[in-house]
Amino acid sequence: MSADNTPFENACKNIASVLINTTPKEQVDFYNSWANKYDTDMASADYHPPLLAAKSINAHFSGDRGTAVVLDVACGTGLLAKELKTHGFRHFVGIDGSKGMLEMAKQTGLYQDLKQCMLGEDPIPAQWGLFDVVAIVGALIVGHVPVSVVRESSKFVKPGGYICMTVRKASDSSDIKAALDRDLKQMVEEGLITCVEITEEKEWHRIEHGYTTGAVYLYKKL
């Protein structure tokens, strides 16, 4: 990567790299190498999903935030936990496939437990019905966490708890969004969850010409 690139250009290149449909091992290897620069790149790209997801959760969560436990699925470096901390949440369990990203998350000091797991390939190592909030933020994209993990993740939420997901709205994510909408509709029909809100966002993260868009989904476990 050229030293002459601006921070924003470097961020765009790295973001583009993870949107290529590669093997899980190749994705993990890339994230391991990117981990110590990830937060800087996301700041340069004005990356909003963690902020927007935390805003949605904050608007509807009425329980005791000081004792609530959040399962952060595909937690990365801990950007969501940082945002939720500003709203009073204090207890986090993080799961991610990248050891490098988990090391960065550990350095935040926010997580009581961090576990490595290849999401979609291995069972999520958490206790069913334990969590007040389960979030999958920024991971439902090409070559990353499959939509099937949403149903699996719902098992870990207490009745009355919340499931929050984000999806980037772009041509490379159209199949993922369609699959997510279909699975959520099925889960609602099965009486597992109910929709709280779906928020369309115009400023997801910066791209070369403006911003890409996205959506935040918030559902309640029945």
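Structural data are supplied above this passage.
Model, not experiment: these values are computed from the prediction.

Enquirer: Quick question: what am I supposed to make of the side chain of D41 here?
Expert: Within the element layout of this structure, D41 appears in helix α2 (residues 24–44). Aside from chain neighbours lying at most four places away, what touches D41 is P7, N10, A11, N14 and W34.

Enquirer: Just to check I follow, could you spell out the nonpolar core for this structure?
Expert: As a rule of thumb, nonpolar side chains are buried together in soluble globular proteins. Grouped together as the largest cluster of nonpolar side chains are 32 residues, with contacts concentrated most on L119, L140, M165 and L180. Mapped onto this core, the elements with two or more residues apiece are β1 (69–73), β2 (91–96), β4 (131–136), α6 (148–154), β5 (157–169), α7 (174–189) and β7 (210–221). Top element by residues in this core is α7. It accounts for five residues. The residues touching L180, leaving out its near neighbours within four places in the chain, are L140, V147, V150, M165, V167 and Y217. Membership of the second largest hydrophobic core comes to 25 residues, among which are L52, A68, W204 and V216.

Enquirer: Looking at this structure, how should I read the pairing of β2?
Expert: In regular strands, side chains alternate between the two faces of the sheet. Most of β2 is tucked away, with five of its six residues classed as buried. Alignment of β1 against β2, held across five bridges, turns out to be parallel. Across the sheet, residue L71 finds its bridge partner in β2, namely V93. Between the parallel elements β1 and β2, the chain passes through helix α4 (residues 79–85) in a crossover that is right-handed. By the bridge criterion, five bridges tie β2 to strand β3 (residues 111–116) in an arrangement that is parallel. Residue pairing across strands places D96 opposite Q116, the latter belonging to β3. In this fold, the crossover linking β2 to β3 by way of helix α5 (residues 99–107) has right-handed handedness.

Cut-offs used in this document
- Residues numbered from 1 in each chain as written.
- Predicted model: local features only at pLDDT ≥ 70, side-chain atom pairs only at ≥ 80, totals over all residues.
- Heavy atoms only, no water.
- Helix = DSSP H or I, 4+ residues; strand = E, 2+ residues; numbered from the N terminus.
- Contact = heavy atoms within 4.5 Å.
- Core = buried A, V, L, I, M, F, W, Y, C linked by side-chain atoms within 4.5 Å.
- Buried < 20%, exposed > 50% of the residue type's maximum accessible area, 1.4 Å probe, protein only.
- Pairing = 2+ DSSP bridges.
- Right-handed = clockwise from strand over helix to strand, strands pointing away.

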